[in-house]
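Notes for the structure review
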Amino acid sequence: MTMIAPSLLAADFSRIGEEARRAFEAGADWLHLDIMDGHFVDNISFGPEICAAVRKAVGPDRFLDAHLMIERPDHYFGRFVKAGVNLICFHVELGDEYYIRNTLKRIRRAGVKNGLAVNPATPFETLLPFLGEIDLLLVMSVVPGFGGQSFMPSVLDKVVKAAEWRADHQASFLIQMDGGIGKNNADQCALAGADVLVAGSSTFKAADMAQAIAEMK
Ligand code: DX5
Ligand code: ZN
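Residues numbered from 1 in each chain as written. Chains lettered and ligands numbered in written order. Predicted model: local features only at pLDDT ≥ 70, side-chain atom pairs only at ≥ 80, totals over all residues. Heavy atoms only, no water.

Some points on the overall build of the chain
Going by this rule: Runs of E in the DSSP output that reach at least two residues are strands. Runs of H or I that reach at least four are helices, and both are numbered from the N terminus. Here the globule rule is a power law, 2.2 Å times the number of residues to the power 0.38, and the radius of gyration is based on C-alpha atoms. Only protein chains enter the accessibility calculation, which uses a 1.4 Å probe. A residue is then buried if its area is under 20% of the maximum for its type, exposed if over 50%, and partly exposed in between. For this analysis, residues touch if any pair of their heavy atoms sits within 4.5 Å. Throughout, the Shrake-Rupley method with a 1.4 Å probe supplies accessible areas, and for residues the shown protein chains are the sole cover considered. The charge count treats Lys and Arg as positive and Asp and Glu as negative. His and the chain ends do not count. Note on charges: their place is set at NZ of Lys, CZ of Arg, CG of Asp or CD of Glu.
Check the secondary structure of the chain and you find eight helices and eight strands. Scaling as 2.2 N^0.38, a compact globule of 217 residues should have a C-alpha radius of gyration of about 17 Å, and the chain matches this with 16 Å. By principal-axis analysis of the C-alpha atoms, the chain measures approximately 40 × 35 × 30 Å. Among the 217 residues that make up the chain, the fraction classed as buried is 53%. Considering only contacts in the chain between residues 6 or more positions apart, those separated by 24 or more positions represent 65%. If you sum the accessible surface of the chain, you get close to 9,600 Å²; carbon and sulfur atoms cover 50% of it. Of note, the chain has its 21 positive side-chain charges centred 6 Å away from the centre of its 27 negative side-chain charges.

Spelled out as structure tokens, the structure:
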């Protein structure tokens, strides 16, 4: 079944630990942590200290996936590993082939899963050199930087291509989609081949988060 990863970006930041627990109690499979540095995207969110606090709040067994929208993920990822996240994803737009491949390798070597994110405007072909070396492919369905934006259906084509590539090459990476996802488009994403759906506004801002997650599933 498709997994749901609520994005903590849409939570009430004055009660961040409780909000993280609330997501898992409502049936979240993963919790998605959006890290923004004010350079790669035009917004600043939170860093490793908050991630460590979230880990403490939810206990050791919950799956935390960190989506790094930052420059120099190679320099910073170790701090998120220390904070206790299970997966670290960064953007393919950030560097040349050597930089991306090397950073992917270093993340795995640090003992966590790696992931590569792709912006709506970046073509599928950019990902081809790396698809055999990742645990997760994150297909962005909005321009990253802010929660609450509208879903861009044009990116579904990339999800279909990634799922085809995966089948053809007997690869096993998960396909995640992120941005503007809720009960009205979750089925399209799953049909295209997505395994994990990130949902911020449609979960944390719902009147009943458990119902919102159940409806998407
Ligand atoms: C966008 C972030 C998303 C976003 C999702 O930059 O990567 O994770 O918070 O939020 P919604 O579901 O509200 O679009
Ligand atoms: Zn995200």
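That shown, we press on.
Here we look at helix α8 (residues 209–216)
Within an α-helix, residues lying three or four positions from one another point in the same direction, as the helix has 3.6 residues per turn. Going by this rule: Here the arc refers to the directions that run from the helix axis out to each C-beta atom. Pairs of N or O atoms are called polar contacts if they sit within 3.5 Å, as long as, within protein, a hydrogen donor faces a hydrogen acceptor (for residues adjacent in sequence, only side-chain-to-side-chain pairs).
Buried within α8 are the following residues: Met-209, Ala-212, Ile-213 and Met-216. Looking straight down α8, one finds its buried side chains confined to an arc of 95 degrees; they lie on one side. Structurally, α8 contributes buried residues whose contacts are with β1 (3–6), α1 (16–25), α6 (186–192), β8 (196–199) and α7 (201–204). The N-capping residue of α8, defined by a side-chain oxygen 3.1 Å from the backbone nitrogen of Ala-210, is Asp-208.

Overview of the coordination of the zinc ion (ligand 2)
Operational definition: Only nitrogen, oxygen and sulfur atoms qualify as donors, and only when within 2.8 Å of the metal (3.2 Å in the case of Na, K and Ca); with water excluded, sites may look incomplete.
Each protein donor to the zinc ion (ligand 2) is listed here as His-32 (NE2), Asp-34 (OD), His-67 (ND1) and Asp-178 (OD); together their distances run 2.0 to 2.3 Å. All donors to the zinc ion (ligand 2) come from one chain, and their sequence spacing reads H-x1-D-x32-H-x110-D. On the basis of relative accessibility, which here comes to 0%, the residue His-32 falls in the buried class.

Details of unusual backbone geometry
For Arg-72, which is not a glycine, the phi torsion comes out positive at approximately 55 degrees. Tracing the backbone through its elements, the reader meets Arg-72 in the loop between β3 (63–69) and α3 (73–83). Phi angles above zero are rare outside glycine, and Gln-170 is one such case at about 45 degrees. Turning to its location among the elements, Gln-170 is positioned in the loop between α5 (156–168) and β7 (174–178). Classification of Gln-170 as exposed rests on a relative accessible area of 73%.

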